[in-house]
Amino acid sequence: MSDQTFFADGLAGLAAGARAELASDEAGHLRAARIRPGRRLEVIDGAGRRWEAELVTLDRRGASCRLLAPRPPVPALPLHLWAPVANRDRSLWLVEKVVELGAATITWIEWERSRSVADAGRAEGFLRRAEGRARAALKQSGRGWLPRLEGPVKPEEALGRHAGDGWLADAEGRQRLGDAIARGPEGGRAGRPLTVAVGPEGGLTGPERRRCLEAGFRLVSLSPATLRFETAAVVVVAAAAALLADGENEADDERST
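Criteria and thresholds
Residues numbered from 1 in each chain as written. Predicted model: local features only at pLDDT ≥ 70, side-chain atom pairs only at ≥ 80, totals over all residues. Heavy atoms only, no water. Axes fitted to C-alpha atoms, helices over the stretch in contact; angles between N-to-C directions. Helix = DSSP H or I, 4+ residues; strand = E, 2+ residues; numbered from the N terminus. Left-handed = near helix turned anticlockwise from the far one by under 90°. Contact = heavy atoms within 4.5 Å. Nonpolar A, V, L, I, M, F, W, Y, C, P; charged D, E, K, R; others polar. Pairing = 2+ DSSP bridges. Buried < 20%, exposed > 50% of the residue type's maximum accessible area, 1.4 Å probe, protein only. Right-handed = clockwise from strand over helix to strand, strands pointing away. Core = buried A, V, L, I, M, F, W, Y, C linked by side-chain atoms within 4.5 Å. Phe/Tyr/Trp six-rings, centres within 6.5 Å; stacked < 30°, edge-to-face > 60°.

Visitor: Just give me the short version of the packing of helix H2 (residues 88-101) against helix H3 (residues 126-141), but keep the residues and values in it.
Guide: As a packed pair, H2 and H3 sit with axes 8 Å apart at the nearest point and diverge in direction by 35°. Once H2 is placed against H3, the crossing between them reads as right-handed. Facing H2, whose interface residues are Arg88, Ser91, Leu92, Trp93, Val95, Glu96, Val99 and Glu100, H3 presents Phe126, Arg129, Ala130, Arg133, Ala134, Ala137, Leu138, Gln140 and Ser141. Among the residues making up the contact of H2 with H3, the classes are represented as nine nonpolar, three polar and five charged.

Following this line, the structure appears as structure tokens:
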């Protein structure tokens, strides 16, 4: 059986044989999984570090492990998602899926048509719940980088600090997503950040779309059908992640020749 993955605190600078404390909420997960001291684990810190470890202590105060051997890190993708402020439960589902795909940041944007959404992720505690979903998805996926979560943010603020390449998933886009992938060197170059933006139900307004174009975003059409925002986000993040991973592999091949 493969090692189960848990979060550990303070892995930076540690070497084999060192003791590390597991995150405070992991003791309950260990007990629920009936894992006892002596069992092999995989521990991560959400910042790229991964270790094979052995559980040493588990009690009411928490849990600790002994680090055995480092595991190869999973590279972080320079991939950023702008998701619309939208229905809370659907937004939390979105977090799980795009974390599995490798998004480095998730920023919730208060588009004009987001303002009237009921039960949206504006309430105090939404980001805390979203981080819990992100941590669970990270452990399940085997990735090593916990994304930064932020929002809600006004479009002008997000556009003002945008850098790198950008795709805007929009029904007005004349270029299909497959063509954007084929033209990868123009959007999603190895090592260069790629931001993918998804609008709210009903799409962006004309002025919002123009501002995105002025900021360097390219409009991409995902499907002739109308997609829910969370479906659109998963589709475009999956395509962007594949493009960036291919670019990193090609760059590695060039460096090795």
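Visitor: So what's going on with the sheet that holds strand S5 (residues 62-70)? Residues and values would help.
Guide: The five strands are arranged S1-S2-S5-S4-S3 in a closed barrel whose pairing can be described as mixed. Here the strands of the sheet are splayed against their neighbours by 55° on average, with no regard to which way each runs. When strand S2 (residues 19-22) meets S5, the two strands line up antiparallel, connected through three bridges. Bridge assignment links Arg19 to a residue of S5, and that residue is Arg66. Where H3 meets the sheet, it contacts strand S1 (4-9) and strand S3 (40-44), and its direction lies at approximately 130° from that of S1.

Visitor: So what's going on with the pairing of strand S6 (residues 79-84)? Which residues, and what values?
Guide: Extensive coverage of S6 is indicated by the burial of five of its six residues. Bridge count between S6 and strand S11 (residues 194-198): four bridges; the pairing is parallel. The residue of S11 that forms the bridge with Trp82 is Ala197. As defined by bridge partners, S6 adjoins strand S7 (residues 105-109) across five bridges and the pair is classed as parallel. For Ala83, the partnering residue across the bridge sits in S7 and is Trp108. Once the chain exits S6 it traverses H2 before rejoining the sheet at S7, and the crossover so formed is right-handed.

Visitor: Can you explain the side chain of Thr107? Please cite residues and give values.
Guide: Here Thr107 lies in strand S7. We classify Thr107 as buried; its relative accessible area is 5%. For Thr107, the residues in contact, after removing those within four places along its chain, are Leu81, Trp82, Ala83, Glu150, Val153 and Arg161.

Visitor: Before we move on, can you summarise the nonpolar core with the specific residues and values?
Guide: Within the largest apolar cluster, 41 residues are counted, with the highest numbers of intra-cluster contacts made by Leu79, Leu81, Ile106, Trp108, Trp167, Val196 and Val198. Of all elements in the fold, only S6, H2, S7, H3, strand S9 (165-169), S11 and helix H7 (229-256) reach the threshold of two or more residues within this core. It is H7 that contributes the most residues to this core, 10 residues altogether. Leu22, Leu41, Ala63 and Leu67 belong to the second-largest nonpolar core, a separate cluster that totals 15 residues.

Visitor: Give a description of the environment of Ala18 that names residues and reports values.
Guide: By the element assignment, Ala18 lies in the loop between S1 and S2. Residues Ala18 and Cys65 lie 47 residues apart in sequence; the distance between their C-alpha atoms is 8.4 Å. Among residues more than four places away in sequence, those in contact with Ala18 are Cys65, Arg66 and Leu67.

Visitor: Before we move on, can you summarise the environment of Ser116 with the specific residues and values?
Guide: Within the element layout of this structure, Ser116 appears in the loop between S7 and H3. Its relative accessible area of 68% is what places Ser116 among the exposed residues. Remark: the alpha-carbon pair of Ser116 and Ala86, spanning 30 residues in sequence, is separated by 9.2 Å.

Visitor: Please give an account of the packing of aromatic side chains that cites residues and values.
Guide: Per the counting criterion, the structure on display carries two aromatic pairs. Relative to Phe217, the ring of Trp82 has its centre 5.2 Å away and its plane inclined at 45°; by these criteria the two rings are tilted. Here Trp82, found in strand S6, pairs with Phe217, found in strand S12 (residues 217-221); they are 135 residues apart in sequence, far enough to count as distant. Note on Phe217: relative accessible area 3%, which makes it buried. Ring geometry for Trp108 versus Phe126: centroids 5.1 Å apart, planes at 80°, classification edge-to-face. Residue Trp108 is located in strand S7, and its partner Phe126 is located in helix H3; the two are separated by 18 residues in the primary sequence.

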